[in-house]
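Given next are the chains, with one letter for each unit.
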Amino acid sequence: MKKSFVKFAALTLAAAACTAAFSGCGNSAAAAGKSRLEQIKERGYIEVATEPYFAPNEFIDSSKEGDDKYVGSDIELAKAIADEIGVSVKIIPLEFSAVLASVTEGKYDLAISALAWTPNRAENMEMSKGYHYSDTSLYTVLVREEDKDNYKSLDDLKGKKVVCQSGSLQEQLIKDAMDIKELNELLYVSATTDGYLMVSEGKADACVCAATNGDLYAAANGGLTTIPDAINFPVSSEYDGTRVGAPKGETELIDVVNTVIDQLSETDQYNKWYEEYSEYAEKLGLE
């Protein structure tokens, strides 16, 4: 029987959020006048919020336990940042909207979860330099394989039920690309994998997605495909580049993150991780 990314999304995030709530208590009692970077160094670990259902950036290897089960190119980035500071990393798994809210509210130190720059995020959190760009992160839709020939262009989404992850760049892209009133309905989910499942079960016609992530899911589950040659969403330079988020005002911490990003960019290391974990995630979907 195939291992499926659906299993990743089926994990009880409510329980994870409960665990995360305990691990984040130290931040609420932070010593006055100390920067977050100083607090991280004193406590000996950095708390990184992520939604672990977005392979190859962040996903779960259910054969492993504890924090070791969280894997992906973004998880490697989190470890590199922790190494630069001289601390360990603690992964906080949350739904995507909670990832954004927790860092905006200052509950956790960083959000590393395939974040794109948006005006709203830039207003509410510090955002790093870009570390992964759209030339290898094409955005398209995932549809049922039996229906793929019905989609020749963006116009063919008109009258269809389209699903996207709430608060994501994908939501912004579909809204920028067309008048959503022309859709039958625009549906929202907390995790993109939930959107894929809706398409598979016939509850939606298409799910807006990053092509790499959609391809990995389709390979693991069958009967689905992405159609980047027919429908793709251009990412403007304003939104381009995956980024790290930190609580507003924590510029010292973001400076460290940017230093790590510069180091990884010099060796193309992040892109190497991205390719490595694309292969890793694909193998998880095999028998």
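Residues numbered from 1 in each chain as written. Predicted model: local features only at pLDDT ≥ 70, side-chain atom pairs only at ≥ 80, totals over all residues. Heavy atoms only, no water.

Q: Explain the overall build of the protein residue by residue, including any values.
A: Of the regular secondary structure elements, the protein holds twelve helices and twelve strands. Split into buried and exposed, the 287 residues of the protein put 53% on the buried side. Pairs at least 24 apart in sequence give 77% of the contacts found in the protein among residues at least 6 apart. A total accessible area of about 12,600 Å² is found for the protein, and carbon and sulfur atoms account for 47% of it. (Helix = DSSP H or I, 4+ residues; strand = E, 2+ residues; numbered from the N terminus. Buried < 20%, exposed > 50% of the residue type's maximum accessible area, 1.4 Å probe, protein only. Contact = heavy atoms within 4.5 Å. Areas by Shrake-Rupley, 256 points an atom, 1.4 Å probe, with all protein chains shown as cover.)

Q: Please provide a residue-by-residue account of the nonpolar core, values included.
A: Within the largest apolar cluster, 39 residues are counted, with the highest numbers of intra-cluster contacts made by Ile46, Leu77, Ile81, Ile85, Leu110, Ile112 and Leu253. When near neighbours in sequence (up to four residues on either side) are disregarded, Leu110 contacts Ile46, Glu47, Val48, Ala49, Ile81, Val103, Val244, Gly245, Ala246, Leu253 and Val257. Counting 23 residues, the second largest nonpolar core, distinct from the first, contains Leu183, Ala210, Ile227 and Phe233. (Core = buried A, V, L, I, M, F, W, Y, C linked by side-chain atoms within 4.5 Å.)

Q: Residues and numbers for the sheet that holds strand E6 (residues 125-127), please.
A: Ordered by their spatial adjacency, five strands build an open sheet running E4-E1-E5-E12-E6, and the pairing between neighbours is mixed. Each edge of the open sheet is held by one strand with a lone partner, namely strand E4 (88-93) and E6. Between one strand axis and the next, the sheet turns through 35° on average, direction left out of account. As paired strands, strand E1 (residues 45-50) and strand E5 (residues 110-116) are joined by two bridges and run parallel to one another. Looking at the pairing, Ala49 lines up with Ala111 of E5. Against the sheet, helix H5 (residues 73-85) makes contact with E1, E4, E5 and strand E12 (242-247), and its axis sits at roughly 140° relative to E5, the strand it touches most. Packing of helix H11 (residues 251-267) onto the sheet brings it into contact with E1, E5, E6 and E12, and relative to E12 it is tilted by some 155°. (Pairing = 2+ DSSP bridges. Axes fitted to C-alpha atoms, helices over the stretch in contact; angles between N-to-C directions.)

Q: Requested: an account of the pattern of salt bridges, with residues and values cited.
A: In this structure the tally under the stated criterion is ten salt bridges. Residue Arg144 pairs with Asp147 through a salt bridge whose shortest N-O separation is 3.1 Å. In this structure, Arg144 and Asp147 share a single accessibility class: buried. Salt-bridge contacts for Asp155 lead to Lys158; the nearest nitrogen and oxygen are separated by 3.4 Å. Each of Arg36, Arg43 and Asp109 takes part in salt bridges that share partners, so that together they form one network. (Salt bridge = Lys/Arg side-chain N within 4 Å of Asp/Glu carboxyl O.)

Q: Lay out the layout of surface pockets with the relevant residues and their values.
A: Size it by volume and the second largest pocket reaches roughly 190 Å³. For the second largest pocket, the lining is made up of 14 residues, of which Leu100, Thr118, Asn120, Arg121 and Gly167 are closest to its centre. Where the lining of the second largest pocket is concerned, the elements lending two or more residues are helix H6 (96-104), helix H7 (119-124) and helix H8 (169-177). The element contributing the most residues to the lining of the second largest pocket is H8, with four residues. Broken down by class, the residue content of the lining of the second largest pocket amounts to four nonpolar, seven polar and three charged. (1 Å grid on protein atoms, 1.4 Å probe; cavity = no way out; pocket = protein on both sides within 12 Å on 5 of 7 lines; lining within 4 Å. Points joined across faces, edges and corners; volume = space filled by probe spheres on them. Nonpolar A, V, L, I, M, F, W, Y, C, P; charged D, E, K, R; others polar.)

Q: Go over the environment of Ile91 with me, naming the residues and quoting the values.
A: Tracing the sequence through the fold places Ile91 in strand E4. Residues within four places of Ile91 in sequence aside, it is in contact with Val48, Thr50, Asp67, Tyr70 and Ile75.

Q: Give a description of a negative patch on the surface that names residues and reports values.
A: A contiguous patch of negative charge, built from Glu275, Glu276, Glu279 and Glu282, is present on the exposed surface. Among the structural elements, Glu282 can be located in helix H12 (residues 269-284). For Glu282, a relative accessible area of 45% translates into the label partly exposed. (Patch = residues over 30% accessible without salt bridge, like charges linked within 9 Å, V, L, I, M, F, W, Y side chains within 5 Å. Lys, Arg positive; Asp, Glu negative; His and termini not counted. Charge placed at Lys NZ, Arg CZ, Asp CG, Glu CD.)

Q: Lay out empty space enclosed by the protein with the relevant residues and their values.
A: Once rolled over the atoms, a probe with the size of a water molecule shows which space is left empty. Under the definition given, this model contains three cavities of 30 Å³ or more. By volume, the second largest cavity is sized at about 110 Å³. Along the walls of the second largest cavity sit 13 residues, with Phe96, Ser113, Ala114, Gln165 and Gln170 positioned nearest its centre. With three residues, the top contributor of residues to the lining of the second largest cavity is E5. Taken together, the residues of the lining of the second largest cavity sort by class into six nonpolar, four polar and three charged.

Q: Could you give an account of the packing of aromatic side chains, naming the residues involved and the relevant values?
A: Applying the stated rule across the entire model yields six aromatic pairs. Both rings, one in Tyr131 and one in Tyr270, keep their centres 4.8 Å apart while their planes meet at 70°; by these two values the pair is edge-to-face. Here Tyr131 is found in the loop between E6 and strand E7 (139-144), whereas its partner Tyr270 is found in helix H12, with 139 residues between them in sequence. A single burial state applies to Tyr131 and to Tyr270, both of which are buried. Consider the rings of Tyr196 and Tyr217, whose centres lie 4.7 Å apart with planes at 50°: the pair is tilted. Placement of Tyr196 in helix H9 (residues 192-200) and of Tyr217 in helix H10 (residues 211-221) is noted, with a sequence separation of 21 residues between them. For Tyr217, a relative accessible area of 2% puts it in the buried group. A connected cluster of aromatic rings, assembled from ring pairs, spans Phe59, Tyr277 and Tyr280. Here Arg43 stacks its cationic end above the ring of Tyr45, 5.3 Å away from the centre of that ring. Looking at Lys90, its charged tip hangs above the ring of Tyr45, at a distance of 4.2 Å from the centre. (Phe/Tyr/Trp six-rings, centres within 6.5 Å; stacked < 30°, edge-to-face > 60°. Lys NZ or Arg CZ within 6 Å of the ring centre and 35° of its normal.)

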